[in-house]
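Chain by chain, the residues:
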Amino acid sequence: MHASRGTQKRSAGLGLALLSAFAFGGSGVAAKPLIEAGLDPLHVVWLRVAGAALIMLPVAWRHRNLVRERPALLAGFGLFAVAGVQACYFAAISRIPVGVALLVEYLAPALVLGWVRFVQRRPVTRAAALGVVLAVGGLACVVEVWAGLSFDALGLLLALGAACCQVGYFVLSDHGGQEAKGRESRESKGGDGGSVKPPPPLGVIAYGLIVGALVLTVVARPWGMDWSLLGVTAGMNGTGVPAWVLLGWIVLIATVLAYGTGVVSVRKLSPQVAGVVACLEAVIATVLAWVLLGEHLSAPQLIGGFTVLTGAFIAQSSAPKPPSGPVAAGAGAAAAAAESELSAGRASH
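Residues numbered from 1 in each chain as written. Predicted model: local features only at pLDDT ≥ 70, side-chain atom pairs only at ≥ 80, totals over all residues. Heavy atoms only, no water.

Undergrad: I'd like a rundown of unusual backbone geometry, residues and numbers included.
TA: A negative phi angle characterises most non-glycine residues, just as the trans form characterises most peptide bonds. For Arg 221, which is not glycine, the phi torsion reads 50° and is therefore positive. Relative to the helices and strands, Arg 221 resides in the loop between α11 (201-220) and β1 (233-236). A positive phi angle is found at Asn 237, which is not glycine, with a value near 55°. With respect to the helices, strands and loops of the structure, Asn 237 is situated in the loop between β1 and β2 (239-242). For Asn 237, a relative accessible area of 51% gives the class exposed. (Helix = DSSP H or I, 4+ residues; strand = E, 2+ residues; numbered from the N terminus. Buried < 20%, exposed > 50% of the residue type's maximum accessible area, 1.4 Å probe, protein only.)

Here it is in structure tokens:
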């Protein structure tokens, strides 16, 4: 009976992880028509984050102790994982295809490993290094370097900026995780038997959205936005879709539902497995952009994209190398290694 329950739990977790990847993967496809209709990318990001923050206010109130207990983590999640990643990503897709922007962002595992190896001077496994080589080589195919970088250079830099924002959040999370372990060790040696619990993922997500909304309010200055554009019909490869429908999808499905199902999937599976399933986000985004936006990728780009995801998978699933601490993980698992179930609130779209 226990085996049957475990199987059902894993099956439900896998379904939720796939739903989360699909929801995240559809954000760029829904946002790009809004941008092409005249909305500034920063305004689209602000609408997304502010709308989701309003919906998550009850969750934030429930976990209000986090403001006192983990202010640095909340600030980092809001600044990097929410405001930074999404602003750079949405600005990137206004200039380059959705699939390309997301695949460039999957350089984050390689950048994290570079930080661990060359800044922290901690060893990484050979498998992780192989993952970096594959990711970089695959990216060269995605951007078609042999054609002299035929894509918009600024768009590629913005996508790379989104990857760097992920790295910033992962580094902050790892620092917070090490501090928590240190406090737990000191309390155990003190004989009081205390333990430090990881922060509730939904609480971190809720406050991250609030912090992100505040930061983006200053940057995007939404009071200058043309609100009438939300009443127009945006084009999706020749098909008209009301702008408010696309915005509703971005806020409710690609943000609130995506983060929520991601959290639950981690609890039913594991941070590592959920992180691997999250790699499907790039595949889903590329397919949706192909079907709904008519953004076709060439055969070398598709092969390169597969190579990027393979490299990211290897980098984030590589086993730790004792005694020097954990090897840096990828987009789905790095935060998990640092903050346990917090990986469900990964820096995503």
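Undergrad: Any chance you could break down the side chain of Thr 261 for me, citing the residues and the numbers?
TA: Within the element layout of this structure, Thr 261 appears in helix α12 (residues 243-268). Exposure remark for Thr 261: the relative accessible area of 8% places this residue in the buried category. Excluding its chain neighbours within four sequence positions, the residues that come into contact with Thr 261 are Leu 16, Leu 19 and Ser 20. (Contact = heavy atoms within 4.5 Å.)

Undergrad: An account of the packing of helix α6 (residues 71-93) against α11 is needed here, citing residue identities and associated values.
TA: At their nearest, the axes of α6 and α11 sit 7 Å apart, and the two run at 60° to each other. Judged on the interaxial angle alone, α11 and α6 are oblique. Here the hand of the crossing between α6 and α11 comes out right-handed. Of the residues in α11, those in contact with Leu 73, Leu 74, Ala 75, Phe 77, Gly 78, Leu 79, Val 82, Ala 83 and Ala 87 of α6 are Val 204, Ile 205, Tyr 207, Gly 208, Leu 209, Val 211, Gly 212, Val 215 and Leu 216. (Axes fitted to C-alpha atoms, helices over the stretch in contact; angles between N-to-C directions. Parallel < 35°, antiparallel > 145°, perpendicular 65-115°, else oblique. Left-handed = near helix turned anticlockwise from the far one by under 90°.)

Undergrad: Break down the environment of Ile 210 for me, citing the residues and quoting the values.
TA: Mapped onto the elements, Ile 210 comes out in helix α11. Once you skip the residues sitting within four places of it in the chain, Ile 210 turns out to touch Ala 53, Leu 57 and Ala 60.

Undergrad: Describe the packing of aromatic side chains, and please don't skip the residues or the numbers.
TA: Using the criterion set out here, one finds 4 aromatic pairs in the structure. When the centroid spacing of 6.2 Å and the interplanar angle of 85° are considered together, the rings of Trp 46 and Trp 227 count as edge-to-face. One end of the pair, Trp 46, is in helix α3 (residues 41-55); the other, Trp 227, is in the loop between α11 and β1, and 181 residues separate them in sequence. You can call Trp 46 buried: its relative accessible area is 16%. When the ring of Tyr 89 is compared with that of Phe 90, the centres are 5.8 Å apart and the planes differ by 50°; the resulting orientation is tilted. One cation-aromatic arrangement involves Arg 64 over Trp 61; the distance from NZ or CZ to the ring centre is 4.2 Å. (Phe/Tyr/Trp six-rings, centres within 6.5 Å; stacked < 30°, edge-to-face > 60°. Lys NZ or Arg CZ within 6 Å of the ring centre and 35° of its normal.)

Undergrad: So what about α12? Which residues, and what values?
TA: For α12, which comprises 26 residues, the first-to-last C-alpha distance of 35 Å matches the rise-based estimate of 38 Å (1.5 Å per residue) to within 8%. Remark: the principal bend of α12, roughly 30°, maps to Leu 257. (Expected span 1.5 Å × (residues − 1). Bend = angle between axes of the 7 residues up to and from the residue.)

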